[in-house]
Structures are given as C-alpha cells and as structure tokens.
Amino acid sequence: MKTRALRLYGEMDLRLEEFELPEIKDDEILARVVSDSLCQSSYKAAHQGAKHKRVPDNVAENPVIIGHEFCGELVKIGSKWANQFKEGQRFIIQPALAYKGSLDAPGYSYQYIGGDATYVIMPHEVMEMNCLIPFEGAGFYEGSMTEPYSCVIGTFHAMYHTKYGSYVHHMGIVEGGNMVMLAGNGPMGQAAIDYIVHCDRRPGLLVVTGRRQEQLDRLAQLLTVADAEKNGVKLVYFNTSVEDAYGELMKLTGGRGYDDVQVFTPVAEMVELGDSLLANDGCLNFFSGPSDKDFKAQFNFYNVHYASTHIVGTSGGNTDDMREAAEMMKDGRLTPSVLVSHVGGLDCAGEATLHLPEIRGGKKLIYTGVDMPLTALADFEKLGKDDAFFAELDRICKKTNGLWSPEAEQFLLKEKSI
C-alpha cells in the first residue's frame, strides 16, 4: 500500500513524499491516520536532525516520518493482535514507548510510523508497551489532543509536597492551595487550565500569566472565570508586563506565596520569578523544554534549605496520563476544541513545522488526507466572503463560539479529502 508522508532527512530537511509500505508482519498493524497536531517537539527535531536525542544517526539514509500527536483508524490487524484490536477501530498512540529503555518514539525514530502520514505501520513494540489506545471521542482532532493533554496531566501528577519532620513525598498539587502558571497563555497552558479546573484535585486559587493582553482576553472567553468558580477555583488572568509583577502576584495570595508554580517557557526570568513566588514547601515544575543544552537560571537555595522549596521537571506524559485525558474527553470534562487555532492539510505540514514558533495561536491541526493551506479559524469569516467552503466552515464554527468541532471536521473531510 502507498502512503504519503512528511519525512525528516536531517536538519531543516523535511520532504513530503509518496512511497510504498511493506506488507505488515503478524506482530504489526496497518493504520490510517486522519489527524495530527503539530508540536514544538517536532519543530526541535526538524531543526536538530540527527543531533536530536530521539532521531536516528542514520536519518539521512533512512528518513523518519515526523509527527506524534495523531489519531486515526486501524485498517489491518496482524494475527498476534487479532483478539485485542478490530479493523475500523479508532486509536491514539502514546509515543513515549520506553521499549527496553530506548528513547525511540513514533514521530521521531521510525521509517513507517508517524503522525504526518496517510497510512502507517505500527511496530510490535507499540502494542507490547500497551501504547496503542482505543479512542471513543467525537472527533479525530480530539484524539490528536490527548497527547498534549497527557503532557500537562503528567506535570500535575509529578508535583509533590512534604510535611515537616517527614521524608515522605505526597504526590500531586496542594488541594485548595495557591497555584500560578507562568506564561500559561499558550496552547499547553490552555490544556493545563482546562484539566486542572475539571479534574478531581483542584487548587483554590489559580493565576494564569502572559504578556499579551489580547491573548489573555481570548483565553478568558474560552476558559471562563465563571466556569472555574463553579468548580471551586478562583481563576485570575494576569498580565506580567506590569511594573511590579512579583508584588502584584504575591498580593493575590495575601503575601503567602504559591504552593504550586508551573513555568511554561524556557526563559530564565520566568524561572526566577517562579522561584521567588514559592510558599513554604512550594513546588516549581519547569515544563517547557529548552533547545539550549546550557540553559540555566538562578534558584534560591536558602529557601531550599529553610523553606523546603523544590523543583521538578516533566517532559511528556505517560500512558496512564493519556488514558486519563481520553476518558475525560469521553465524559465531556475536557474541551479540546479550545486548543485548536489553525487547520490545514498535509501539504502545509512541513513549512508549518519548521516555522511553528512564528505562527501565533494555539494548536495547528493537520488533516493528512487533505491538501489545504494552514488557515486560522479566526480568518474563516474573511475568507468566506469569496469562498463558499470557508463561508460554511465559518457558519459551523460560530455555533461553538468560533471553536473547532466534530461537525466542522466532518465537513472539511467531506469536502477536501483527496
């Protein structure tokens, strides 16, 4: 079977190609990919090539399919897995396989599996590591959002606290405590807000910061203060471009500080601000992975010693986190539509991946069986004045406050699939 896929050959070398897939083995599965969400990690892999820790050294001779936030349907099941999976079943994948301690992952390391492809072959290790997960959400795009949600879910599970005189680490955030998300106005911050407001362990105060007021205002429309209040959370959106951000943020806690701090950008200033905001026994989670291997920031070790402050870092979620995201979507407790800001076809995935930080907005969603320029949802109305396709997409999205939806997805696939 032929597949069309975006393959990585080296630094800044992504090529959209069509090639023949081999016949699957008894311990493999053939699948059709429908949607893939572009990730900052793919941007790093595309810019670093073989220097990236998950990309093979021989990628120039054996190119890999890029993309790891994907959802689709199973097409052909190898005999080994015939009793566990069914043809036509929707699926998602946890890319961090950790197979025999290896860093190899779909979207970085494999010739025949990655999100930016029409058809892929799942190798035996995906199933053996229990990383092939059935998905029952309303839209394929929701499945593509489970991986980014799992990453932020992992941050909350990784945070920990102690009690004076005890060496036991109590995992998770302080329930009913103070939390701040620094630079939390991007797509991963959006997912984090959505999750922590609607999960079963919530802070009492949640402050989300950013420096672009229009972005904070839009975020407040999507993830509202009123909804958070219904769930017992006082949600505050705060612009850190004010003169005394530290002082104003501390005032919100009555001077006590924050039990849980998350930093969503690899900027030393933000890390140091987060450190200064920590309350006694406060936990700082450095979420955003830097490209600079020598990235450093100062940390107050007086407070580490006397106030029991501490730091953790998480890079992606695990399979349990992904299953939790899928289950919460199924139950309607998460709203993955709030993350999507752009949609496009496989033909635009290469350029979009290489320039991802330059494209403002949330998640960029790729439909692999479609050719279509990467288009912001906010531009549908303008484009619709001269194009009936975009006019109808705009009409559909306005039903859901301008958000992407299963209905919008179905319309796009019906009209644009090739």
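Since this is a predicted model, take the numbers as computed values, not measurements.

Scoring rules and cut-offs
- Residues numbered from 1 in each chain as written.
- Predicted model: local features only at pLDDT ≥ 70, side-chain atom pairs only at ≥ 80, totals over all residues.
- Heavy atoms only, no water.
- Buried < 20%, exposed > 50% of the residue type's maximum accessible area, 1.4 Å probe, protein only.
- Helix = DSSP H or I, 4+ residues; strand = E, 2+ residues; numbered from the N terminus.
- Pairing = 2+ DSSP bridges.
- Right-handed = clockwise from strand over helix to strand, strands pointing away.
- Phe/Tyr/Trp six-rings, centres within 6.5 Å; stacked < 30°, edge-to-face > 60°.
- Lys NZ or Arg CZ within 6 Å of the ring centre and 35° of its normal.
- Arc of directions from axis to C-beta.
- Salt bridge = Lys/Arg side-chain N within 4 Å of Asp/Glu carboxyl O.
- Polar contact = N/O pair within 3.5 Å; in protein donor to acceptor, adjacent residues only side chain to side chain.
- Contact = heavy atoms within 4.5 Å.
- Axes fitted to C-alpha atoms, helices over the stretch in contact; angles between N-to-C directions.
- Parallel < 35°, antiparallel > 145°, perpendicular 65-115°, else oblique.
- Left-handed = near helix turned anticlockwise from the far one by under 90°.
- Nonpolar A, V, L, I, M, F, W, Y, C, P; charged D, E, K, R; others polar.

Counted residue by residue, strand β17 (residues 340–345) has six buried out of six residues, so it is predominantly covered. Direction of pairing for β17 relative to strand β18 (residues 363–367): parallel, over a ladder of five bridges. Among the inter-strand pairings, V343 is bridged to a residue of β18, identified as L365. Read from β17 through helix α11 (residues 349–354) to β18, the crossover connection turns out right-handed. In the sheet, β17 pairs with strand β19 (residues 375–376) via two bridges, with the strands oriented antiparallel. Within β19, the position partnered with V343 by the bridge is T375.

What follows deals with the packing of aromatic side chains. Across all of its chains, the model carries eleven aromatic pairs by this definition. The ring of F19 carries R7 above its face, with NZ or CZ at 3.9 Å from the centroid. The ring of F389 has K416 lying over it, and the distance from NZ or CZ to the ring centre is 4.6 Å.

Okay, helix α5 (residues 213–222) next. Listed in full, the buried residues belonging to α5 are Q215, L216, L219 and L222. With its buried residues spanning 120° around the axis, α5 presents them on a single face.

Attention now moves to the environment of D320. Relative to the elements of secondary structure, D320 occurs in helix α10 (residues 319–330). Spatially, the C-alpha atom of D320 lies 9.6 Å from that of C131, the residues being 189 residues apart in sequence.

Now for the pattern of salt bridges. Counted according to the given criterion, the structure contains 18 salt bridges. Across the pair E248 and K251 runs a salt bridge whose closest N-O atoms are separated by 3.4 Å. Here E248 pairs with K251, and both are found in helix α7 (residues 245–251), just three residues apart, close to one helical turn. On the basis of relative accessibility, which here comes to 33%, the residue E248 falls in the partly exposed class.

If you trace the backbone, T309 turns up in the loop between α9 (301–306) and β16 (310–313). Overall, the relative accessible area of 4% leaves T309 in the buried class. At 3.3 Å, the side chain of T309 forms a polar contact with the backbone nitrogen of V304. If we skip the residues at most four places from it in the chain, T309 touches L278, A279, D281, G282, F299, N300, N303 and V304.

A separate point is helix α13 (residues 388–398). It helps to recall that an α-helix has 3.6 residues per turn; residues three or four apart then point in one direction. Among the residues making up α13, those that are buried are F389, F390, L393, D394, I396 and C397. Down the axis of α13, the buried set is contained in an arc of 165°. They therefore lie on one face. Along its buried surface, α13 packs onto β19, α12 (380–383) and α14 (406–416). Between the side-chain oxygen at the start of α13 and the backbone nitrogen of F389 there is a gap of 2.8 Å, and the oxygen is on D387.

Another aspect to go through is the side chain of S150. Considering the arrangement of structural elements, one finds S150 in helix α3 (residues 140–158). For S150, a relative accessible area of 0% puts it in the buried group. Residues in contact with S150, not counting those within four places in the same chain, are Q94, G317, N318, D321, M322 and A325.

Our focus in this paragraph is the sheet that holds strand β14 (residues 258–263). Taking strand neighbours across the sheet as the criterion, the six strands line up as β13-β12-β11-β14-β15-β16 in an open arrangement whose pairing is parallel. Both edges of this open sheet fall to β13 (234–239) and β16, since each of them pairs with a single strand only. Ignoring strand direction, the axes of neighbouring strands in this sheet form an average angle of 20°. In this sheet, β16 lies alongside strand β15 (residues 278–286) in parallel orientation, the contact comprising four bridges. Looking at β16, one finds that F286 is bridged to G313.

Moving on, we come to the packing of α3 against helix α4 (residues 187–198). Angle between the axes and distance between the axes are the two parameters that describe a pair of packed helices. In contact at an axis separation of 9 Å, α3 and α4 are set at 60° when each is read in the N-to-C sense. Relative to α4, α3 is oriented oblique. Crossing of α3 against α4: the hand is right-handed. Contacts between α3 and α4 pair P148, Y149, C151, V152, I153, F156 and H157 from the former with M188, A191, A192, D194, Y195 and I196 from the latter. Residues that form the contact of α3 with α4 fall into these classes: eleven nonpolar, one polar and one charged.

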